[in-house]
Amino acid sequence: LQMQQGQTLSMASNVNIPGGLVLTSGIVQTGIFTLNVIGTLTGGSAGSYVSGKIQRTISGGAGTFAFPVGTAGAYSPVSLTFPASSAGGSLVVSGNDGDDAQIATSSFDPVTTVNRNWNIALVSGFAGVNYNALFTWMNADADAGFASSSSYAGRFTGNTWTYPEIVSRAVNSIQVSGLTGFGRI
């Protein structure tokens, strides 16, 4: 399936797309539903992404997998990189506006953060996984006091925050390594 209408497509149920998806122009709004892309997923930009949840099944072995997600008017993609030893599995990724609901229990100062968070939910597989992730946001998502040079990321699972190792920082992205589970970031 190739999305190139330049319009917004709203889903009314969960949708499976066998054979893959090419995002060229236009936004898919999933609402409470999930877009399950079976096969390749290419494209993604500020003018063509999924506003909501994308599910992908990832085969075992090394690879980088894009999740061109965002919210209404805010493209905030995620890329996950798995090592050769990865067993593979299925994940649902979504982006969310604002700080995480549990920010008060973290080490973050809520007035110096990026007002964006993501959820990476495990559907199946990925036993003993260890992966890297790249999170990207719009410049307007950053609070006035946000400093990319000292930024860090946190993952909230259950009732616990963990803080992965930083690989690189940029004005509108952060790459982390050594993630061993899934949850809200």
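(A) Seen up close, the layout of surface pockets. Of the pockets and cavities examined, the largest pocket occupies roughly 420 Å³. Lining the largest pocket we find 24 residues, and of these Phe108, Thr113, Val114, Tyr152 and Ala153 sit closest to its centre. Looking at which element gives the most residues to the lining of the largest pocket, the answer is strand S11 (residues 116-125), with 3 residues. Grouping the constituent residues of the lining of the largest pocket by class yields 13 nonpolar, 7 polar and 4 charged.

(B) Expanded view of the sheet that holds strand S15 (residues 165-170). The antiparallel open sheet is built from 5 strands, whose spatial order is S6-S9-S12-S16-S15. Only two strands of the sheet have a single partner each, and these edge strands are strand S6 (63-67) and S15. Sheet twist, expressed as the mean angle between neighbouring strand axes with direction ignored, is 15 degrees. Here strand S9 (residues 78-82) runs beside strand S12 (residues 131-136); their pairing, made up of 4 bridges, is antiparallel. Across the sheet, the residue bridging to Val78 is Phe135, located in S12.

(C) Spatial organisation of the pairing of S11. Across 9 bridges, the pairing between strand S10 (residues 89-97) and S11 is antiparallel. Bridging across to S11, Gly89 finds its partner in Gly125. Pairing between S11 and strand S17 (residues 183-184): 2 bridges, direction antiparallel. Across the sheet, Ile120 pairs through a bridge with Gly183, a residue of S17.

Rules behind the numbers
Residues numbered from 1 in each chain as written. Predicted model: local features only at pLDDT ≥ 70, side-chain atom pairs only at ≥ 80, totals over all residues. Heavy atoms only, no water. 1 Å grid on protein atoms, 1.4 Å probe; cavity = no way out; pocket = protein on both sides within 12 Å on 5 of 7 lines; lining within 4 Å. Points joined across faces, edges and corners; volume = space filled by probe spheres on them. Helix = DSSP H or I, 4+ residues; strand = E, 2+ residues; numbered from the N terminus. Nonpolar A, V, L, I, M, F, W, Y, C, P; charged D, E, K, R; others polar. Pairing = 2+ DSSP bridges. Axes fitted to C-alpha atoms, helices over the stretch in contact; angles between N-to-C directions.

By themselves, these figures tell us nothing about what the structure is for.
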